[in-house]
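Architecture and fold: a report
Residues per chain, in single letters:
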Amino acid sequence: MFELDIRSRQPIYEQLVEKMKEMIIREIWKPHEQLPSVRMLAKQLTINPNTIQKAYRELEHQGFIYSIPGKGNFVSPQPKAASQEKIEAIRHDIIRLAAEALFLGVTKEEVLQWIEQAEQGERGGETDDSLDERNENI
């Protein structure tokens, strides 16, 4: 389904949240589709079920999924028109991350190249994995 980096500084539950949000945004998981159970996903990824539960709670808090007691967790329908508040939060995050990357010595051209990669990925295009590997340590 997806891979997690246990050596990363980013907590596993945050990695899960990001990977699952990506799957929802790219509509790999469709609206109202049931997500894997906590127990099944924990077994599949060989991580603690509490970690999965924490990721599911965060996704529910952010509005990406909803839960039905006794039934499980399901993908929330995402409105096509994004709310202005969500766009502003993303803009703020991008500015913060770009500033951090520039501080670490990443060039403006590299940051713009990452944005182009994201755009290609959104359109279903191929991404250049060599760039991902080169920039992995940033």
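Along each chain, residue indices are assigned from 1 in the same order as the chain's sequence is written. It should be noted that, the model being predicted, local features are given only for residues of pLDDT at least 70 and side-chain atom pairs only at 80 or more, the latter also being counted only at that level, while totals for whole chains, interfaces and linings use all residues. As a rule here, side-chain values cover all heavy atoms of the structure and leave hydrogens and water aside.

To continue, consider the nonpolar core. Throughout this description, the term nonpolar core refers to a set of buried Ala, Val, Leu, Ile, Met, Phe, Trp, Tyr and Cys residues connected via side-chain atoms within 4.5 Å. A simple rule labels every residue: compare its accessible area, found with a 1.4 Å probe on the protein chains alone, to the largest value its type can have, and call it buried under 20%, exposed over 50%, or partly exposed in between. Ranked by internal contacts, the top residues of the largest apolar core, which has 20 residues, are L16, M20, W29, I52 and Y56. Under the scheme used here, helices are H or I runs from DSSP no shorter than 4 residues and strands are E runs no shorter than 2 residues, and both carry numbers assigned from the N terminus. For this core, the elements supplying multiple residues, two or more each, are α1 (12-25), α2 (38-45) and α3 (49-61). For this core, the element with the highest residue contribution is α1, accounting for 5 residues.

On to the packing of aromatic side chains. Whether two aromatic rings pair depends on their centres lying within 6.5 Å, for rings of Phe, Tyr and Trp, where Trp uses its six-membered ring; planes under 30 degrees apart make the pair stacked, over 60 edge-to-face, and the rest tilted. Within this structure, the stated rule accounts for 1 aromatic pair. For the pair Y66 and F74, a centre-to-centre distance of 5.6 Å together with 20 degrees between the ring planes defines the contact as stacked. We classify F74 as buried; its relative accessible area is 12%. Only when the NZ atom of a Lys or the CZ atom of an Arg is both within 6 Å of the ring centre and within 35 degrees of the ring normal do we say a charge sits over the ring. Over the ring of Y13 we find K54, and its NZ or CZ is 4.2 Å from the ring centre.

A word on the pattern of salt bridges. Any Lys or Arg side-chain nitrogen located within 4 Å of an Asp or Glu carboxyl oxygen qualifies as a salt bridge. As enumerated under the stated definition, the model contains 3 salt bridges in all. In this structure, R7 and D5 form a salt bridge, with 4.0 Å as the shortest nitrogen-oxygen distance. On the basis of relative accessible area, D5 is assigned to the partly exposed category, the value being 36%. D93 serves as the salt-bridge partner of R96, at 3.9 Å between the closest nitrogen and oxygen. Taken together, the residues R96 and D93, both in helix α4 (residues 84-103) and 3 residues apart, mark about one turn of the helix.

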